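Coordinate analysis (summary)
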Amino acid sequence: MSKLDNLPNLYIGFDLSTQQLKLTVIEDTYQIVFEETVHFDKELPHYGTLNGVISNGETVACPTLLWVESLDILLQKLKTKKFPFHKVRIISGAGQQHGSIYWSHNAPFLLSSLDHSKPLVDQLKNAFSVQQSPTWQDSSTSEQCRELEKLIGGAEVLANLTGSKAYERFTGNQIAKLCKANPNAFSQTSRISLVSSFLATLFLGHYAPIDISDGSGMNLLNIHTKQWEDKLLNICSCGAEGKLKEKLDEPEIDGLKILGNVHEYFVKKYGFSEDCKIIPFTGDNPATLISFNIKPGNIVISLGTSDTVLLYTSKPCPTSESHTLCHPIIPASYFSMLCYKNGSLTREHIRDIYTKDVTWERFNNGLNSSKPIKSQIGFYFLFQEIVPFAKGIYKFDSNKLVKEFVDENYNVRAVIESQFLSMKLRIDKLLKDDDEKKEKIQRIIVVGGASKNDQIVKILADVFGAQVWRNQGENSASMGAAIKARTAFLKRECKSIINSNYNEENFSLVAEPDFENTKIYDSMIENYQELEKLVIQLSSTEKYI
Ligand code: ADP
Ligand code: XUL
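Treat the numbers as computed from the prediction; the structure is a model and nothing was measured. (Residues numbered from 1 in each chain as written. Chains lettered and ligands numbered in written order. Predicted model: local features only at pLDDT ≥ 70, side-chain atom pairs only at ≥ 80, totals over all residues. Heavy atoms only, no water.)

**With respect to the sheet that holds strand 5 (residues 59-63)**
What counts is decided by this rule: Each pair of strands is called paired provided DSSP finds at least two bridges between the two strands. Strands are runs of DSSP state E lasting at least 2 residues, helices are runs of H or I lasting at least 4, and numbering of each runs from the N terminus. Between N-to-C directions, angles span 0 to 180 degrees; the directions come from axes that are lines fitted to C-alpha atoms, helices contributing only their stretch in contact.
Taken together, three strands build an open sheet; the order of strands is 4-5-8 and the sheet is antiparallel. Of all the strands in the sheet, just strand 4 (54-56) and strand 8 (132-134) have a single pairing partner and so form its edges. Across the sheet, the axes of successive neighbouring strands diverge by a mean angle of 35 degrees, strand direction being ignored. Two strands pair when backbone bridges link them, and strand 4 and strand 5 are joined in this way by three bridges, in the antiparallel orientation. Following the sheet pairing, Ile54 is matched in strand 5 by Ala61.

In structure tokens, the structure reads:
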């Protein structure tokens, strides 16, 4: 830790993501000085998770105590490495979006009286009214979604109000399911947190508010007034609107607000300063947005467990396929997002079937030794996809549904191309509707686990006909959270809060497009769109699953 000895101030950003808890530490000039992770399946095997979750059909959840325990494990790793906790000025964090945590009526007492001589997990056993937290991969609430859209006047009305039509993973629909299926658990709940505000709560030792950016992923927040919408609370709580409002408390509109000091537990156990501050935690996608300070003409594509696309928008522009979210730190700003459930886990699945030694190297050999073939298109919805709402694996050769491509190795290329064609199709639609963004995409910034793969990233450049860039650091969400912490510190000192991390030197060009390939992809996109419509139909009849 000697490199940290001369630094006066440190800022921590966490990311409680699907498969890991990650931490990024930066110093005053926004340079990353330390990173650490805890991998759930590997380091907490006693919870029995696979890829960070427990799935039961369409229901996908994570034992809440796993997340609690992972925090002590992560901080213990830092302690072992003699991390200078006392230099941390502000902590912020990010979390996988939409997941919900249900605190019991005992929780406020248990949280405030945490004893540093015992692990968090032993002390918070009775702090939850629901033991498994639904996560963003859950798709079990279609019934609640249709009901919500019906009662509010349609999907478009809901999208205009909340930034999104009804989605299975959005927290309002998860709460509606709980109210119906387990009213007892609902009444035993004193507070509902998102994953982000849950982690902030642990650090504060009292409930942290839901920030408006992560709160935009609930189908409950009016993104214009930035308040909970009573009609939606009513529908999602089986009529117990007032009770739900109490359990959610006011959303926090100031993403840089000091919520309080770190709880004594962390001071005594790890050596944080008593004066270390906690600010609101936000969703992983809003935090990623912060870390890149996106301008018009730039988009961020995250290739993690989920694949997401983030676009700057000057005004809210809800569509039936994208999400509009409030900006996490700039008041009156918004951003647009696309989210795909079939990201890295689906790529891994195809890798494991079609490469003999199950490595990314072998997968990349498959990419290198093939070229785009206009007539071969695949759709790989191993999990219930969000955009489009479809499930199953479908392959087409010259527009005919086939069991397998002539060369089965083509699947490796097709799974990558198909995802990027889908993104391109939808981004073009979003850009067409926004005056400020009519200009062409100039730069794509890639982040997330699969962004390390140069061959995958090369196909991205070809599909979009644009340069692809990467920046320093592994984890953009925890980095964004750390920048948020640093920004809050500057704000306290009344200094400029311009994000000075957005520094060209931090970025490197990783792929240039080959325009010959771009022409082929451009010529495929119309056909792709038609075949996708067919796939949606086939998927709804479940004929080919
Ligand atoms: P999370 O969404 O949980 O934050 P990450 O962004 O760290 O996760 O992404 C994890 C995923 O990254 C893994 O599931 C793995 O499939 C993928 N990944 C890691 N390295 C590579 C690689 N070289 N090529 C393709 N995918 C990779
Ligand atoms: C976004 C979404 C995912 C999670 C993954 O809507 O569901 O990107 O945030 O962590």
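Once you've had a look at it, read on.
**Thoughts on the domain arrangement of the protein chain**
We apply this condition: Either an automatic procedure or a domain database provided the assignment from which the domain bounds are taken. We call two residues contacting when some pair of their heavy atoms lies within 4.5 Å. Each of two parts loses accessible area, computed with a 1.4 Å probe, when they are put together; buried area is these two losses added. By definition here, a salt bridge exists when the distance from a side-chain nitrogen of Lys or Arg to a carboxyl oxygen of Asp or Glu is within 4 Å. Whenever a nitrogen or oxygen atom comes within 3.5 Å of another N or O atom, the pair is scored as a polar contact, on the condition that within protein one atom can donate a hydrogen and the other can accept it, and that pairs from neighbouring residues in sequence are kept only if both atoms are in side chains. Each residue is assigned to one of three groups, with Ala, Val, Leu, Ile, Met, Phe, Trp, Tyr, Cys and Pro labelled nonpolar, Asp, Glu, Lys and Arg labelled charged, and all others, Gly among them, labelled polar.
Along its sequence, the protein chain is organised into domain 1 (2-280) and domain 2 (344-423 + 518-540). Contacts between domain 1 and domain 2 engage eight residues on the former and four residues on the latter. At the boundary of domain 1 with domain 2, total buried surface from both sides reaches about 500 Å², with 64% on carbon and sulfur atoms. Viewed at the interface, domain 2 and domain 1 are joined by zero salt bridges. On the surface where domain 1 and domain 2 come into contact, there are zero residue pairs in polar contact (both at pLDDT 80 or more). Residue classes in the side of domain 1 that touches domain 2 are distributed as one nonpolar, five polar and two charged.

**Some points on the side chain of Gln419**
The condition that has to hold: Only protein chains enter the accessibility calculation, which uses a 1.4 Å probe; a residue whose area is less than 20% of its type maximum is buried, one above 50% is exposed, and one in between is partly exposed.
Position of Gln419 relative to the elements: it lies in helix 17 (residues 410-432). Among the residues examined, Gln419 registers a relative accessible area of 9% and is labelled buried. With residues up to four places along the chain from it excluded, the contact list for Gln419 reads Asp307, Tyr340, Asn342 and Gly343.

**Some remarks on the pairing of strand 1 (residues 10-16)**
Regular strands show a simple pattern: their side chains alternate between the two faces of the sheet. Among the seven residues of strand 1, seven are classified as buried, and the element is accordingly described as predominantly covered. Neither face of strand 1 is exposed, since Leu10, Ile12, Phe14 and Leu16 on one face and Tyr11, Gly13 and Asp15 on the opposite face are all buried. Judged from the seven bridges that link them, strand 1 and strand 6 (residues 88-95) form a sheet pairing that is parallel. Opposite Ile12, over in strand 6, you have Ile91 as the bridge partner. Two strands pair when backbone bridges link them, and strand 1 and strand 2 (residues 20-27) are joined in this way by seven bridges, in the antiparallel orientation. Its bridge partner being in strand 2, Ile12 is matched across the sheet by Val25.

**Observations concerning the sheet that holds strand 23 (residues 467-471)**
Strand order in the open sheet made by the seven strands is 17-18-16-15-22-23-24, with mixed pairing throughout. With one partner strand each, in any of the chains shown, strand 17 (323-326) and strand 24 (507-511) form the two edges of the open sheet. Taken pair by pair, the neighbouring strands of this sheet meet at an average axis angle of 30 degrees, ignoring direction. As paired strands, strand 22 (residues 443-447) and strand 23 are joined by three bridges and run parallel to one another.

**Re the site of ligand 1**
Going by this rule: The cutoff for a nearby residue is simple: one of its non-hydrogen atoms must lie within 4 Å of the molecule or strand. Throughout, the Shrake-Rupley method with a 1.4 Å probe supplies accessible areas, and for residues the shown protein chains are the sole cover considered.
Taken together, 15 residues lie near ligand 1, and Ser17, Lys22, Thr305, Glu348 and Gly449 sit nearest. Between Thr305 and ligand 1, the recorded distance is 2.8 Å, taken from a backbone N or O atom to an oxygen atom. Separating an oxygen atom of ligand 1 from a side-chain N or O atom of Glu348 is a distance of 2.4 Å. The protein chains hide 81% of the 590 Å² of surface that ligand 1 would expose on its own. Elements supplying a minimum of two residues to the shell around ligand 1: strand 2 and helix 15 (344-354).

**Description of the side chain of Thr141**
Mapped onto the elements, Thr141 comes out in the loop between strand 8 and helix 5 (142-152). Residue classification places Thr141 among the buried residues on the basis of a relative accessible area of 0%. Dropping the residues within four chain positions of it, Thr141 is found in contact with Tyr167, Glu168, Asn173, Gln174 and Lys177.

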